[in-house]
Protein chains: 4
Amino acid sequence: MKVGIVGGTGYTGAELLRILVSHPEVEVSVITSRGEAGKPVADLFPNLRGYLDICFSEPTLEVLSQCELIFFATPNGVAMTQVPELLAAGCKVIDLAADFRLQDPDVWKHWYGIAHACPELLEEAVYGLCEVNREQIKHARLVGNPGCYPTAVQLGFLPLLEQGLVDEQRLIADTKSGVSGAGRNAKTDLLLCEASENFKAYAVAGHRHWPEIKQGLSAKVNKAVDLTFVPHLTPMIRGIHATLYAPLKINEAVNLQDIYQQYYKNEFFVDVLPEGSHPETRSVRASNHCRIAVHRPHNGELVVILSVIDNLVKGAAGQAVQNMNIMCGFDERAGLTNAPLLP
Amino acid sequence: MKVGIVGGTGYTGAELLRILVSHPEVEVSVITSRGEAGKPVADLFPNLRGYLDICFSEPTLEVLSQCELIFFATPNGVAMTQVPELLAAGCKVIDLAADFRLQDPDVWKHWYGIAHACPELLEEAVYGLCEVNREQIKHARLVGNPGCYPTAVQLGFLPLLEQGLVDEQRLIADTKSGVSGAGRNAKTDLLLCEASENFKAYAVAGHRHWPEIKQGLSAKVNKAVDLTFVPHLTPMIRGIHATLYAPLKINEAVNLQDIYQQYYKNEFFVDVLPEGSHPETRSVRASNHCRIAVHRPHNGELVVILSVIDNLVKGAAGQAVQNMNIMCGFDERAGLTNAPLLP
Amino acid sequence: MKVGIVGGTGYTGAELLRILVSHPEVEVSVITSRGEAGKPVADLFPNLRGYLDICFSEPTLEVLSQCELIFFATPNGVAMTQVPELLAAGCKVIDLAADFRLQDPDVWKHWYGIAHACPELLEEAVYGLCEVNREQIKHARLVGNPGCYPTAVQLGFLPLLEQGLVDEQRLIADTKSGVSGAGRNAKTDLLLCEASENFKAYAVAGHRHWPEIKQGLSAKVNKAVDLTFVPHLTPMIRGIHATLYAPLKINEAVNLQDIYQQYYKNEFFVDVLPEGSHPETRSVRASNHCRIAVHRPHNGELVVILSVIDNLVKGAAGQAVQNMNIMCGFDERAGLTNAPLLP
Amino acid sequence: MKVGIVGGTGYTGAELLRILVSHPEVEVSVITSRGEAGKPVADLFPNLRGYLDICFSEPTLEVLSQCELIFFATPNGVAMTQVPELLAAGCKVIDLAADFRLQDPDVWKHWYGIAHACPELLEEAVYGLCEVNREQIKHARLVGNPGCYPTAVQLGFLPLLEQGLVDEQRLIADTKSGVSGAGRNAKTDLLLCEASENFKAYAVAGHRHWPEIKQGLSAKVNKAVDLTFVPHLTPMIRGIHATLYAPLKINEAVNLQDIYQQYYKNEFFVDVLPEGSHPETRSVRASNHCRIAVHRPHNGELVVILSVIDNLVKGAAGQAVQNMNIMCGFDERAGLTNAPLLP
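A brief report on the enclosed structure follows. (Residues numbered from 1 in each chain as written. Chains lettered and ligands numbered in written order. Predicted model: local features only at pLDDT ≥ 70, side-chain atom pairs only at ≥ 80, totals over all residues. Heavy atoms only, no water.)

1. Some thoughts on the sheet that holds strand β11 (residues 270-272) of chain B
Residue and element names in this part refer to chain B. Read from one edge of the open sheet, seven strands run β8-β9-β7-β10-β13-β12-β11, paired in mixed fashion. Each end of this open sheet is capped by a strand with a single partner; those strands are β8 (200-201) and β11. Direction of pairing for β11 relative to strand β12 (residues 290-295): parallel, over a ladder of three bridges. Paired with Val270 across the bridge in β12 is Cys290. (Pairing = 2+ DSSP bridges. Helix = DSSP H or I, 4+ residues; strand = E, 2+ residues; numbered from the N terminus.)

Printed below as a string of structure tokens:
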């Protein structure tokens, strides 16, 4: 099957390529970049020398429409201008940016600063958190691939919320991300000399992943969920660690470990660790796994959930491939079966 | 003034030396280490070549008692066996370990696993959080230097707690530390190949700094304070970032920024950042400062405080020197006036 | 095919496991560790949860001899005590340590400090630098897998040496390694706080890889080769960068680029970069590739070759698997076809 | 004494500020930046909050000429356009960029791409390698502060060259720098995600510090010196490690250790380590020291010298302050006496 990638010069594009060159069912037949058109992909990403011989090309409908499925790895606001014509041409689309994550165009405009270019598609678009929306994804033409923080946070909170055990109005997500989450942008604060040997919070006043998480959790449990969301920049390349706090509504004993294990017992990519564990981000590096541990310190009212993913894989390109596998009827694990890289 | 250091082969000992060799009022006349006795200090810490000519020596009372003040930079449980005779010999003592931080010997035994060797001194010992206990420190013979996390957490929570604005039973401290906080111990999980490019929580079930923080906050506000404390290991050498969550008890508007600025307006080492700021750990690297920012996201019920220190300075050796300065009537800033190191 | 690993708790053992769990032709049926016997492998290496269900076991002949091929990922000096009986039992053996790299038992004793336990096997043992000794490896029972530095250095120098273009008595190899090259040992100088934000040379007076490189190059060109070898520790987990200096013996023009491209034109794992390139270690991370660039600065007498590998893959476990593939008649690339991980 | 800094938004400017705010003899009265004029310096460099209250200003002659001494921390090619009028106004000038390092304007043009704006000053300008040109610096109006690599390389080679012991035509400098050497520029290849966990050589075909090193060494020994210079980018913030190779011209025994110790016996900032040592870059972090070790592996013909500095201190701002101290008759160590930061 031929697939295309629009906007292949960032880290999510590079990661898509890394995964797809080993995927048993697909061939990357086109990868576009206005800025790098004509340049061999392997010149920009030397790890791909010997794995991919194509050059970046201009993103034209003619070329793209020959693919069965198109990944958008573009900045926010780009996909929404091109998706309608690609759908019309019969392509399936997975957007790794935020254009098709939020269902309400007003919320989109508020957080992304411009009006949505195709609000009529928002209802059709499926939110691609695979473990939650697998059935809709199977029949989707258009998938909005979740953000990295929202993936780790939602997978961590869902078992508790669905049981109705916690106060869904007082959730806290204290999240930490490696620097690749900020993309391959030449910004001063992402320089090694600024971001290494340093730790800081950012966007405490408001982050775009906050409405996405609230929407996702609320939809799944049919209740308005509220949370405080504080992201932090961590001096490493890959990895997200979400530390989640949820106040129990009940006072009695409850087997949290069992609830989590049951909830994810059939999910290959979600691993509930044994009681008392502390998942490490490196235990999922370069893989599509999410590892979760659940704690109740001092047997108090507050549940603490630890959830880790690789932000570029389960938090971006890996989940996009998982979505593709589901949409196209492939083995859901195809291309995603390599063990994480440690050390 | 002659000072001595017992147990000078760890990071807090090395940091004490680095600070004290430039201190205008003191001379390090003895530094002990059973394992390295006879070896020049600069062989172990090559940064000190040209700054310190002495060798490690055996920790004997005869040698130590010639110093006016002794710093213990030993593992937990060592200082308490030697402090009584040093006090009797007329020395002042600052313990950088935990032996004199907790006032209740039963709590000490519970968390540190052995009975306290001199419980009769616990009442006299002053908890050396300088900004809180400055007056008692002035007249103290024996100071228990605070833990690194407790310093960052208490300085962050105190202004809010003292105003009675928040529910003191539902505090959360999500803290992140550089690896030097774990000491200079040859443990597998502290290896570069294990700890770099990795992020994890640890000791979620219970950490020794938890009772210390509760004791300190409770004592200051005369109420039992409870909190959830989750520490994390961050892939960098120095720095602590505490992200603190406190639910407001009131619903009306309150000028949090003003409260924090007023509270610390006379404190050289505590810097309240402008509204909307996110302090970075590197902004205090190699210095005795604590920088704090206070947020109220979406104007909701939860206050979020960000507090950063260098764990080896304000979180250990620097605060110990600050304590010495107060105890000995020196300028409180002596030896601690160099600007932080950035980048 | 069943394979076993002796000594699976270090980084080369972990890396063997990571590669072998995805290998299409083999099954890891036993992995031994005296210290961890009975413990699930995934408890020590959490990245393998879901990929490998076996426990560490005691290294007994009975268990091991049921495998067709045994990898030794043990410290130097262990394999030589067990290999004779395994060969006698019909197993093939690949030793990732140094026991079967040097052909002269006196040289071995000089550099490794103990007498060789089975000098009679040294002649039979094949030095497993695949690109050099492929034919002998095909028929080998016993392979000494090359050291990490020797792999990068020899692949870099060989094209020049074989052409007789450079003075083989005045070679210099200035090499830089990530910290994983020192193994998973709890040593102070490998701690994150000691090895990160730091760069140093070590073993300038003499390193065990020096005689190995000299032996390998001399054997290949049938001349005594001499070199100066200076290794350095670099603050990163994986990667070796060898910067090689070779003085030209001739004065005329010579097409170095062409010589290198011709030499490696049929080698999948050795990639000669375009003229003027500077290979990055991350371009081969987690892969079995070696990337090489050749320079002649200011058109002078000195050739500068840059050669990079991942020390744990082409420098250890990957080359061991490549050797197994050759010995067992598998596709030489089997299990080694994933693209390098970047970023 | 009032000093000014032109171009204070890069790392050398920031480092100058960090050092000068603690300098006992000077006050930074002006710091200019066209881009940031009007902004408090501490907004850009939060480490300086509480240490420096001034704002960036426009670089006008009127303001600058009120300073006795001006540091240029601007990109190459800026200082040469402003220095003549500042000298005319009676200011002393130290340029931390390359404008006054090379004596031959043609060489300057070749390597920096533009004609020199004030070639008439090149003869007067003193090359500010303090240990070499101390006497001229004392009487200089204009100092060209050396590059970072040239400082580490020249201090390492000089004792050998001055003794005439080595072939001055076949020197090699294999140098490794932390990323701050590339400045505070928002370039993709300096991002944490590109530069960490990575090692690479660069500019092997030719680097601007090559003619500077050749000029400096040749001038000191009155002979044309030639060398091969290969710089590498190392995944850390600060530090340069130069590994230097020099072939002995003589065959007899020579006490290299003694030669180095004698040569630098009166130099506070140059430390010759004991025989067999390997200096670490962190042993000089945040300090103005250069630490050197000299080796003769296997007692062969090649001498290996290891030389480390902090590129931002002895390699830039620290040496500039040392130059100022010499020019102005201050204690040469003033402002530069803090012990290096370790860990």
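Here the narrative resumes, following the displayed structure.
2. Digging into the relation of the copies chain B and chain A
When chain B is fitted to chain A, the residual RMSD is 0.0 Å, and the transformation amounts to a turn of 180° plus an axial shift of 0.0 Å. These values place the two chain copies in the arrangement generated by a two-fold rotation axis. Measuring from the rotation axis to each C-alpha of chain B, the shortest distance belongs to B:Pro235, at 3.1 Å. Of all interface residues in chain B, 100% are interface residues in chain A too; the two copies therefore contact each other through one and the same surface. (Least-squares fit on C-alpha atoms with pLDDT ≥ 70 in both. Contact = heavy atoms within 4.5 Å.)

3. Comments concerning the packing of aromatic side chains
The full count for this structure, using the stated rule, is 26 aromatic pairs over all chains. Residues B:Trp108 and B:Tyr112 carry aromatic rings whose centres are separated by 4.9 Å and whose planes lie at 25° to one another, so their mutual orientation is stacked. One end of the pair is B:Trp108 and the other is B:Tyr112, both in helix α5 (residues 105-112) and four residues apart, which spans about a single turn. Judged by its relative accessible area of 0%, B:Trp108 is buried. Overall, B:Tyr112 belongs to the buried group, its relative accessible area being 11%. Here a set of aromatic residues connected by ring pairs shows up, and it is made of A:Tyr51, C:Phe268 and C:Phe269. Here the guanidinium or amino end of D:Arg333 rests over the ring plane of D:Phe268, the centre of that ring lying 3.9 Å away. (Phe/Tyr/Trp six-rings, centres within 6.5 Å; stacked < 30°, edge-to-face > 60°. Buried < 20%, exposed > 50% of the residue type's maximum accessible area, 1.4 Å probe, protein only. Lys NZ or Arg CZ within 6 Å of the ring centre and 35° of its normal.)

4. Concerning the pattern of salt bridges
Taken as a whole, this structure holds 86 salt bridges over all chains when the rule is applied. What you see here is one network of salt bridges that share partners, running through A:Glu15, A:Arg18, A:Arg238 and A:Asp310. (Salt bridge = Lys/Arg side-chain N within 4 Å of Asp/Glu carboxyl O.)

5. Remarks on the interface of chain B and chain A
Listed as interface residues are 43 residues of chain B and, on the opposing side, 43 residues of chain A. At the boundary of chain B with chain A, total buried surface from both sides reaches about 3,700 Å², with 59% on carbon and sulfur atoms. It is B:Glu197, B:Phe199 and B:His298 that lose the most area in chain B upon contact with chain A, and together they represent 18% of the buried surface on that side. Inspection of the region where chain B meets chain A yields 27 residue pairs in polar contact (both at pLDDT 80 or more). At the level of secondary structure, the elements contributing two or more residues to the side of chain B that touches chain A comprise β7 (171-177), α8 (192-195), β8, β9 (227-233), β10 (240-247) and β13 (302-309) of chain B. When the residues that make up the side of chain B that touches chain A are grouped by side-chain class, the tally is 21 nonpolar, 11 polar and 11 charged. (Buried area = accessible area lost by both parts, 1.4 Å probe. Polar contact = N/O pair within 3.5 Å; in protein donor to acceptor, adjacent residues only side chain to side chain. Nonpolar A, V, L, I, M, F, W, Y, C, P; charged D, E, K, R; others polar.)

6. A few points about the pairing of strand β10 (residues 240-247) of chain A
Residue and element names in this part refer to chain A. When you tally the buried positions in β10, you get eight out of eight residues, the bulk of the element. Side chains of β10 alternate between two faces, with Ile240, Ala242, Leu244 and Ala246 and His241, Thr243, Tyr245 and Pro247 buried alike. As defined by bridge partners, strand β7 (residues 171-177) adjoins β10 across six bridges and the pair is classed as antiparallel. For Ala173, the partnering residue across the bridge sits in β10 and is Leu244. Where β10 meets strand β13 (residues 302-309), eight bridges bridge the pair, whose relative direction is antiparallel. Note that in β13 the partner of Tyr245 across the bridge is Val304.

7. Things to note about the packing of helix α6 (residues 130-138) of chain D against helix α11 (residues 313-328) of chain D
Residues and elements named next belong to chain D. Where α6 contacts α11, the two axes come as close as 9 Å, and the packing angle between them is 35°. In this structure, α6 meets α11 at a crossing whose hand is right-handed. Mapping the contact onto sequence places Cys130, Glu131, Arg134, Ile137 and Lys138 in α6 and Lys314, Gln319, Gln322, Asn323, Ile326 and Met327 in α11. Its residues assigned to classes, the contact of α6 with α11 comprises four nonpolar, three polar and four charged. (Axes fitted to C-alpha atoms, helices over the stretch in contact; angles between N-to-C directions. Left-handed = near helix turned anticlockwise from the far one by under 90°.)

8. A few points about the pairing of strand β4 (residues 92-95) of chain C
All names here are of chain C. Note: strand β3 (residues 69-72) against β4, four bridges, orientation parallel. Pairing of Phe72 across the sheet is with Asp95, part of β4. What joins β3 to β4 is helix α4 (residues 79-88), and the crossover it makes is right-handed. Of the pairings in the sheet, the one linking β4 to strand β6 (residues 142-144) comprises three bridges and is parallel in character. Note that in β6 the partner of Val93 across the bridge is Leu142. (Right-handed = clockwise from strand over helix to strand, strands pointing away.)

9. Some words on the interface of chain B and chain C
Taken together, the contacts link 19 residues of chain B with 19 residues of chain C. Taking both sides of the interface into account, the surface hidden between chain B and chain C amounts to around 1,600 Å²; carbon and sulfur atoms contribute 72%. When residues of chain B are sorted by the area they lose upon contact with chain C, B:Leu191, B:Leu192 and B:Cys193 head the list and together hold 40% of the total. Across the contact surface, chain B and chain C share two salt bridges. Residue C:Glu194 pairs with B:Arg184 through a salt bridge whose shortest N-O separation is 3.5 Å. Considering each element in turn, the side of chain B that touches chain C owes the most residues, four residues, to α8(B). Across the side of chain B that touches chain C, the residue classes break down as 11 nonpolar, four polar and four charged.

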